[in-house]
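So you can see what is in the structure, the chains are spelled out below.
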Amino acid sequence: MRVGVPHFGNVHVPLRAIGQRLGASDKELIIPPPTSQRTLNLGVKYSPQEACLPFKLTLGNLIEACELGADTLLQARGTGICRLGYYAKDQEQILRDLNYDVHFVTIDVSHHKLASILQLIKRMCNDASWPRIISIFRFGIGKLFALDKIEKVVQRVRAVELEKGKADQIYRDAIGVIDAARKGKEVKELTKQYIEMLHRVPQDPTSDPIKVGIVGEIYVVLEPFANMDIEVELGKLGVEVRRTMSLSRWIKYSLFLNPLGIDEWKEVHKAAMPYLKRDVGGDGWESVGEKVIHAREHSDGLIHLAPFTCMPEIVAQNIMPATKEDIPVLAVLCDEQMAKPGMITRLEAFVDLLKFRRRRKGRR
Ligand code: SF4
């Protein structure tokens, strides 16, 4: 079996760790090349025109995995209100039409998520014992938690560092070394080391950076290629990003705490209630609630990231102007037509507006 996987933020790091612990070689677990313009071109060429960007980019990743010899492909499946439920079926058909003899294995991201993942690992490691499977899984997700912990510090340092790009360089190095780490203890030590390195980056002590919340559909929020590295670009403009969503948070709650009745979005849904009373698929409900919360917590502005044609985020986008909690919102629609210079110009104008509002309120 030669398993190919699509990219999604840093998810390749735990997948590689799990694959290595299962004894899979690089030919048996195929991580395609990082998502690139070529990936996008492939996805756009073979997807229905109206498909959302996550569909096109993950299809591009899977085609690149097939080119490297993958015969089994991993994809998410869901039973929510949006198109995610059709991804695997449609992509499988497209790949068969392209003459790739592939088989899809899906992970249920709507129900029984933990069981779905553990059963998949069990299948891939010839029915190893459950304690071994759990230990392999813990090692893999430990790397993801470590990277998200480092990234939280990066989001703060980027905004105030004196030499722009230093925090991102450290973060890139951290991803590389944590990806290569072979032991859980090593991952913990590296996390501590890299966080200390970030704290040592020379910073402007007088700076009170503009704070911007990032909300929207999870894939475009967490996949830097899809959002054109928006957090890095905001950092260059001296903006501190506040983002609730992360892969480690999704794992912590969806796999472990939701089944115990703990709902991480309870407060967010409550905040959205006066404007939207029910799930509209994807992350639309959360986007509305997060707007209200960012306004209450005095963020300076909000960036709403949405794939073009994403129904849940279109609903959210249309409700946001009606909330009484006021905060400037920049809606960024992500698709293959988006160009980086245009996006940077919009970010610069938005940040200027936020600075102007601060000055008007008497803050620096
Ligand atoms: S939430 Fe939006 S972008 Fe994500 S799969 Fe559903 S329709 Fe597509």
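Before reading further, recall that the structure is shown in the block above.
All chains use their own residue numbering, which begins from 1 and follows the written sequence. Local features in this predicted model are restricted to residues whose pLDDT is 70 or higher, and side-chain atom pairs enter the listing and the counts only when it is 80 or higher, whereas totals over whole chains, interfaces and linings include all residues. To get the side-chain values, all heavy atoms of the structure are used, and hydrogens and water are removed first.

Brief notes about the overall build of the protein chain
We apply this condition: In DSSP terms, a helix is any run of H or I states spanning at least four residues, a strand is any run of E spanning at least two, and both are numbered starting from the N terminus. Radius of gyration here uses only the C-alpha atoms, and the compact-globule reference equals 2.2 Å multiplied by the residue count raised to the power 0.38. Throughout, a residue-residue contact means that at least one pair of heavy atoms, one from each residue, lies within 4.5 Å.
If you tally the helices and strands in the protein chain, you get 15 helices and 8 strands. Against the compact-globule benchmark of 21 Å for 364 residues, the protein chain has a radius of gyration of 21 Å, which places it among compact chains. With respect to the three principal axes, the spread of C-alpha positions in the protein chain is 65 × 45 × 40 Å. Counting only contacts in the protein chain whose residues sit at least 6 apart along the sequence, the fraction spanning at least 24 positions is 75%.

Structural notes on the sheet that holds strand β8 (residues 329–334)
We count it as follows: DSSP bridges decide pairing: two strands pair if at least two such bridges lie between them. Fitted lines through C-alpha atoms give the axes, limited to the stretch in contact for helices. The angle between two N-to-C directions lies from 0 to 180 degrees.
The strand order across the open sheet built from 4 strands is β6-β5-β7-β8, with neighbouring strands paired in parallel fashion. Every other strand in the sheet has two partners, leaving β6 (239–242) and β8 as the edge strands with one partner each. Adjacent strand axes in the sheet meet at a mean angle of 25 degrees, parallel and antiparallel pairs treated alike. The sheet contact formed by strand β7 (residues 301–307) and β8 spans 6 bridges and is parallel. Bridge pairing links P307 to C334 in β8. Each of β5 (210–216), β6, β7 and β8 touches helix α15 (residues 340–360); the most contacted strand, β8, lies at about 170 degrees to it.

Overview of the sheet that holds strand β3 (residues 72–77)
An order of β2-β1-β3-β4 is seen for the 4 strands of this open sheet, with the pairing classed as parallel. A strand with exactly one partner marks an edge of an open sheet, and here the two such strands are β2 (29–30) and β4 (103–108). The pairing of strand β1 (residues 3–4) with β3 spans 2 bridges and is classified as parallel. Looking at β3, one finds that V3 is bridged to T72. The sheet strands contacting helix α4 (residues 84–97) are β3 and β4, and the helix crosses β4 at an angle near 170 degrees.

Concerning the site of the ligand
Going by this rule: Think of it this way: one heavy atom of a residue within 4 Å of a molecule or strand is enough to make that residue near it. When residue character is reported, Ala, Val, Leu, Ile, Met, Phe, Trp, Tyr, Cys and Pro are called nonpolar, Asp, Glu, Lys and Arg charged, and the others, Gly included, polar.
Contacts to the ligand come from C52, P54, C82, R83, L84, Y87, E217, G282, P307 and C310. Residue composition of the shell around the ligand, by class: 7 nonpolar, 1 polar and 2 charged.

Some details on a positive patch on the surface
Note the threshold: Patch membership is restricted to residues that have no salt bridge and whose relative accessible area is over 30%. Joining uses 9 Å for like charges and 5 Å for the nonpolar side chains Val, Leu, Ile, Met, Phe, Trp and Tyr. Where accessible areas are quoted, they stem from the Shrake-Rupley method and a 1.4 Å probe; at the residue level, only the protein chains shown are allowed to cover. Whenever a carboxyl oxygen of Asp or Glu lies within 4 Å of a side-chain nitrogen of Lys or Arg, that contact is scored as a salt bridge. The charge count includes Lys and Arg as positive and Asp and Glu as negative, but it does not include His or the ends of the chains. Each charge is placed at NZ for Lys, CZ for Arg, CG for Asp and CD for Glu. Think of it in three bands: residues with accessible area under 20% of the maximum for their type are buried, residues over 50% are exposed, and the middle band is partly exposed, with areas taken using a 1.4 Å probe on protein chains only.
Among the surface-exposed residues, R21, R132, R182, K183 and K185 lie close enough to one another that they form a single positively charged patch. Assignment of secondary structure puts R182 in the loop between α7 (166–180) and α8 (184–199). Classification of R182 by relative accessible area gives exposed; the value is 54%.

Quick look at the packing of helix α5 (residues 113–124) against helix α6 (residues 130–160)
This is how it is decided: Here the angle decides the label: under 35 degrees means roughly parallel, over 145 means roughly antiparallel, 65 to 115 means roughly perpendicular, and every other value means oblique.
Where α5 meets α6, the closest approach of the two axes is 10 Å, and the angle between their N-to-C directions is 110 degrees. Between α5 and α6, the interaxial angle falls into the category roughly perpendicular. Across the interface between the two elements, L114, I117, L118, Q119, I121 and K122 from α5 touch W130, I133 and F137 from α6. Each residue belonging to the contact of α5 with α6 can be placed in one class, and the counts come to 7 nonpolar, 1 polar and 1 charged.

Remarks on the packing of aromatic side chains
Threshold: Stacked, edge-to-face and tilted labels apply to pairs of Phe, Tyr and Trp rings (six-membered ring for Trp) whose centres lie within 6.5 Å, assigned for plane angles under 30 degrees, over 60, and everything in between, in that order.
Summed over all chains, the structure comprises 2 aromatic pairs. Here the aromatic rings of F8 and Y219 are separated by 5.4 Å at their centres, their planes lie at 20 degrees, and the arrangement is stacked. Of this pair, F8 sits in the loop between β1 and α1 (12–21) while Y219 sits in helix α9 (residues 218–222), placing them 211 residues apart in sequence. Ring plane angle 90 degrees and centroid distance 5.2 Å describe the contact between F55 and Y87, whose orientation is recorded as edge-to-face. Residue F55 is found in helix α3 (residues 53–67), and its partner Y87 is found in helix α4; the two are separated by 32 residues along the sequence. The class for F55 is buried, based on a relative accessible area of 5%.

Considerations on the nonpolar core
Heads up, the rule is: For this analysis, a nonpolar core means a set of buried residues of the types Ala, Val, Leu, Ile, Met, Phe, Trp, Tyr and Cys, connected via side-chain atoms within 4.5 Å.
By size, the foremost hydrophobic cluster in this structure holds 58 residues, and its most contacted members are I121, I230, L234, I303 and L305. Sequence-distant contacts of L234, defined by excluding residues within four places in its chain, comprise I214, V239, V241, I303, L347 and V351. One finds F139, V157, Y171 and L198 within the second-largest nonpolar core, a separate group that totals 22 residues.

A closer look at the pattern of salt bridges
Per the stated rule, a full pass over the model turns up 18 salt bridges. In this structure, R96 engages D101 in a salt bridge whose closest nitrogen and oxygen atoms are separated by 3.8 Å. Note that E151 is salt-bridged to R243, the shortest N-O span being 3.1 Å. Highlighted residues: E151 in helix α6 and R243 in the loop between β6 and α11 (247–257), separated in sequence by 92 residues. Taken together, the shared-partner salt bridges in this structure form one network comprising E151, R158, D168, E231 and R243.

Structural notes on the environment of K166
Structurally, K166 is set in helix α7. Residue class for K166 comes out partly exposed when judged on its relative accessible area of 27%. Measuring from C-alpha to C-alpha, the distance between K166 and P202 comes to 9.2 Å, with 36 residues separating the pair along the chain. Not counting the four nearest positions on each side in its chain, K166 is found in contact with E161 and V201.

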